[in-house]
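Structure at a glance
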Amino acid sequence: MTNISDFMDSPYRFLQARLDELKTAKNLRTLSHADAEGRYIIKQGRRMLNLSSNDYLGLAVDMNLRADFLRQISVKDFVPSASSSRLLTGNHPIFDELETELAKLYNAESALLFNSGYDANSGILPAIANNDDTLILADKLVHASLIDGIRLSHAKCIRFRHNDLNHLERLISKNASCYRHIILVTESIFSMNGDEAPLREMVDLKRRYPNIMLYVDEAHAFGLRGSQGLGCCEEAGILPDIDLLVGTLGKAAASAGAFVICAQTIRDYLINHVRPFIFTTALPPFTVAWSLYIVHNLPQMSARRERLSCITKRVHQALATEQVKDISQSHIIPLLIGSSADAMLQADAMQRHGFYLLPVRPPTVPEGTARLRLSLRADLTDEETERLIEEATATPQLHSYETASTRTNNS
Ligand SMILES: *Cc1c(COP(=O)(O)O)cnc(C)c1O
């Protein structure tokens, strides 16, 4: 019998019960204390190479870059806060400078900055898909920020099977005449699988069905792919075909914030309708100045991109044995394990060997596909790469890789 006084003693009991469930399922998340020292993470007396961050080019730990940037900055230039939304008094000239630089790089009409990739994705979709005559078609594995944008929109949404063009095309041909607009949403490199969307084929579909708008999230490709580091769309030569290209600045670009590349009309519309753009204090201008410094230098960083691509090829080749079938096509390599408990054990084993890998568990990934997510970085030495391969291939649970990857793709 429910005793009202028990409930008064512990008004958060229902929350605690949910936490206990998560703990039993080995899916409880906690914040652990980790000191970073350049490429290393120091934790419980262990010094481990950080292979869990998104600092793919090593820019966030590069002291020469920091020093070079700070030499150009005066006390007057160090503006720590925008102190309001850009629509009020927060629109420091540095925002326009970065947007102009980005639009120029992409050879596009315009760019618009957001405080984060989460803000961009969760804000843009509800703004442009706010009616019943729009259909959103989104890949099954798109990032949580896109899912939240879809949930907040008033459009109907259908998720197509991961990277499955046949399924996508069937959905388009069935629905194209029923909706005025179709927004096709995908990531270029998927954050959890490290595989790539069939972007060229999606552009072909868009040519056949002119009411499609293509929305591509390049969070894990910006800075890395294409000759100037603009992402997979640059690499595929399809930049002019993308209606909304989102890039984030907190990953390879070693800063914070995000941007969308789009037509001027879309930008004007977004400024008027995206709530996480309108109702938030803009990024600190100092941070934007650092982003501009990085973005300006990115095109010349092809040596770092090539280094990462070399390391990636080597690791793929070493892990793609008979029983370990490779699903990744990039520097993000999921070492699929299966159960959350096993993933935690394997993460610990890799950490004991000096490689800081973390388990990624449900609900971030589908049930039964818990994994270690290996993020390669351009500043790994050959010796470190070989040692990493040795430890990763010694991991016994990797034999379940193929089964688990099949499940991921069909989930
Ligand atoms: C990290 C990530 C985001 C969110 O970007 P933040 O700037 O970290 O908020 C959006 N999309 C994808 C695919 C991501 O991996």
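Residues numbered from 1 in each chain as written. Predicted model: local features only at pLDDT ≥ 70, side-chain atom pairs only at ≥ 80, totals over all residues. Heavy atoms only, no water.

1. Section: the overall build of the chain
Which entries qualify depends on this criterion: Strands here mean DSSP runs of E at least two residues long; helices mean DSSP runs of H or I at least four residues long; both are numbered from the N terminus. For this measure, only C-alpha atoms enter the radius of gyration; the expected value for a globule follows 2.2 Å times N^0.38, where N is the number of residues. Categorising residues by exposure relies on relative accessible area from a 1.4 Å probe, with only protein chains included: less than 20% of the type maximum marks a residue as buried, more than 50% marks it as exposed, and the intermediate range marks it as partly exposed. Using a 1.4 Å probe, the Shrake-Rupley method yields the accessible areas, and only the shown protein chains count as cover for residues.
Summing up its helical and strand segments, the chain has 16 helices and 14 strands in all. Taking 411 residues into account, the globule formula puts the C-alpha radius of gyration at 22 Å, and the chain, at 22 Å, falls close to it. Taken over the C-alpha atoms alone, the chain extends approximately 60 × 60 × 55 Å along its principal axes. Out of the 411 residues belonging to the chain, those deemed buried represent 52%. Carbon and sulfur atoms form 53% of the exposed surface of the chain, whose accessible area is close to 19300 Å².

2. Here's the deal with the sheet that holds strand β13 (residues 359-360)
Definition in use: Pairing between strands is defined by DSSP: at least two bridges between the two strands are required. It only takes one pair of heavy atoms within 4.5 Å for two residues to be counted as in contact. In this analysis an axis means a line fitted to C-alpha atoms, helices contributing only their contacting stretch, and an angle means the value between N-to-C directions, from 0 to 180 degrees.
Read across the sheet, 3 strands follow the order β11-β14-β13 without closing on themselves; strand pairing throughout is antiparallel. This sheet does not close on itself; its edge strands, each paired only once, are β11 (332-338) and β13. Bridge analysis of β13 against strand β14 (residues 370-375) gives 2 bridges, and the strand direction is antiparallel. The residue of β14 that forms the bridge with P359 is L372. The strands touched by helix α14 (residues 340-352) are β11, β13 and β14; relative to β14, the strand with the most contacts, the crossing angle is about 35 degrees.

3. Quick word on unusual backbone geometry
Residue P363 is reached from P362 by a cis peptide bond, and omega for that bond is 10 degrees. Here P363 shows up in the loop between β13 and β14. A positive phi angle is found at S83, which is not glycine, with a value near 60 degrees. Its place among the elements puts S83 in the loop between α3 (63-71) and α4 (93-106). Phi at N107 takes a positive value of approximately 55 degrees, unusual for a residue other than glycine.

4. Quick word on the domain arrangement of the chain
Inclusion rule: Where a domain begins and ends is set by an automatic assignment or by a domain database. Throughout, the accessible surface (probe 1.4 Å) given up by two parts as they are put together, summed over both, is called the buried area. When a carboxyl oxygen of Asp or Glu is within 4 Å of a side-chain nitrogen of Lys or Arg, the pair counts as a salt bridge. Contacts described as polar in this section are N or O atom pairs within 3.5 Å, which, within protein, must combine one atom able to donate a hydrogen with one able to accept it, while residues neighboring in sequence count only if both atoms come from side chains. For this scheme, ten residues count as nonpolar: Ala, Val, Leu, Ile, Met, Phe, Trp, Tyr, Cys and Pro. Four count as charged, namely Asp, Glu, Lys and Arg, and the remainder, Gly too, count as polar.
Each domain of the chain was delimited in the assignment, giving domain 1 (33-57 + 301-410) and domain 2 (78-299). Placing the centre of domain 1 and that of domain 2 at their C-alpha centroids yields a distance of 27 Å. On the side of domain 2, 23 residues touch domain 1, which itself brings 22 residues to the contact. Together domain 1 and domain 2 conceal approximately 1800 Å² of surface at their shared face, both sides included; 55% is due to carbon and sulfur atoms. Seen at the junction of domain 1 and domain 2, the total is 0 salt bridges. The tally of links between domain 1 and domain 2 comes to 14 residue pairs in polar contact (both at pLDDT 80 or more). For the side of domain 1 that touches domain 2, the secondary structure elements donating two or more residues are α13 (302-319), β11, β14 and α16 (401-410). The class makeup of the residues in the side of domain 1 that touches domain 2 is 9 nonpolar, 9 polar and 4 charged.

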